[in-house]
Each structure stands twice: as structure tokens, then as C-alpha cells.
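# A look at the structure
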Amino acid sequence: MRASRPTPRGLGLALFAALFAAPSAAEPLTVPVPRETIYPGDVITQDMIAMRGFQRRSVQEKLVALDAAAVVGSAARRTLVAGLPIPLASLGKPHLVKQGQTAVIMFEYGGLRITATVVALEAGAAGDAIKVRNSDTSAVITAVIQADGRLRAP
């Protein structure tokens, strides 16, 4: 008797699809890489990114950015080396407030609005709660950074 090749029904459709639809390890994976070294705090632009092919075995797909759209507009949290894939953990929201920056904080309650001049003790992005020092009293309070860069007392 001659052995027959397994059919899709014999293997099960899901297993058949997994075996023959999965990309091979030899097939290259194209990911965004920095054209030049990008330093922490730099906001990444399209001009700073190039696409480069890597072997799938050498890139852990779940840990690196797979397309330029995921990178552009983000801020580097650590140094990104030119020509190497960009780890997702190295990307963050751009800082709207920098450490040492003078800003105005607003406190609103009902119809009452109080503003004060503060100095940021931490850097932060929109939605972050940071520590600030009141310039008049030297009291340290927490402020929430708004999307437009203003500070609000919680």
C-alpha cells in the first residue's frame, strides 16, 4: 500500500492554516530604525526614521515597533541607536512640562478660581501628576498636566 499525503481535513483546518500561512523564519521583517542616534526626550519625526529588513529570528516582534506610525510623534525614553530596531518600552508621550520650568497652576472650585506661579520639580506628559513648588510659599503640591500643557490642581 502506498501512503497518501495528509489532506486539510485530515490535519484539521486550523492546523493546516497555521502550518502553511505562517511566515517562515527566513522571510525578512521590515521594521523602523533610527537614521541617527536619538536621545532621551527627543520627539521622533518621520525624517529620523528609516525602514530596514531583519531576519525574523533576530527580532522579537512583540517587543519592537513594527511600523513607523507607532514611532512618529513619540518621545524617546532612552537612547535609540541608529540602525537598530526600536523597543516599544523605549517610547513614551512627549513631555509638555520640563523640570525647572515656571508655570501657572489653576485651582477651580465652583465659581472660585485661584492661580499661582509654580516651578515644576518633575517633567511630565499630558495626564501625568507631577510635583510642583509654589513660588510664593515654597509649598510642594501635586499638579495634573492638561493636554494643552496647563497645570491643574486636583
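Residues numbered from 1 in each chain as written. Predicted model: local features only at pLDDT ≥ 70, side-chain atom pairs only at ≥ 80, totals over all residues. Heavy atoms only, no water.

### Let's talk about the pattern of salt bridges
Evaluated as defined, the whole model comprises two salt bridges. With its nearest N and O atoms 3.4 Å apart, the salt bridge here joins glutamate 108 to arginine 113. Among the residues examined, glutamate 108 registers a relative accessible area of 48% and is labelled partly exposed. (Salt bridge = Lys/Arg side-chain N within 4 Å of Asp/Glu carboxyl O. Buried < 20%, exposed > 50% of the residue type's maximum accessible area, 1.4 Å probe, protein only.)

### Describing the sheet that holds strand β7 (residues 129–134)
Strand order in the closed barrel made by the five strands is β5-β6-β7-β8-β9, with mixed pairing throughout. Where strand β5 (residues 102–109) and strand β9 (residues 151–152) come together, two bridges link them in parallel fashion. Note that in β9 the partner of isoleucine 105 across the bridge is leucine 151. (Pairing = 2+ DSSP bridges. Helix = DSSP H or I, 4+ residues; strand = E, 2+ residues; numbered from the N terminus.)

### A closer look at the layout of surface pockets
By volume, the largest pocket is sized at about 220 Å³. Surrounding the largest pocket, 13 residues form its lining, Ala75, Ala76, Arg77, Lys93 and His95 being those nearest its centre. Split by residue class, the lining of the largest pocket holds six nonpolar, three polar and four charged. (1 Å grid on protein atoms, 1.4 Å probe; cavity = no way out; pocket = protein on both sides within 12 Å on 5 of 7 lines; lining within 4 Å. Points joined across faces, edges and corners; volume = space filled by probe spheres on them. Nonpolar A, V, L, I, M, F, W, Y, C, P; charged D, E, K, R; others polar.)

### A closer look at the confidence of the model for the chain
With 82% of its residues at a pLDDT of 70 or more, the chain has an overall mean of 84. Taken as a whole, residues 15–21 scores under 50 in pLDDT and shows four contacts with residues more than four places along the chain or in a different chain. (pLDDT = per-residue confidence, 0-100. Contact = heavy atoms within 4.5 Å.)

### Describing the side chain of asparagine 134
Secondary-structure assignment places asparagine 134 in strand β7. According to the relative accessible area criterion, asparagine 134 is buried, its value standing at 15%. Non-local contacts of asparagine 134, meaning those with residues more than four positions away in its chain, are made with Ala116, Thr117, Val118 and Ala139.

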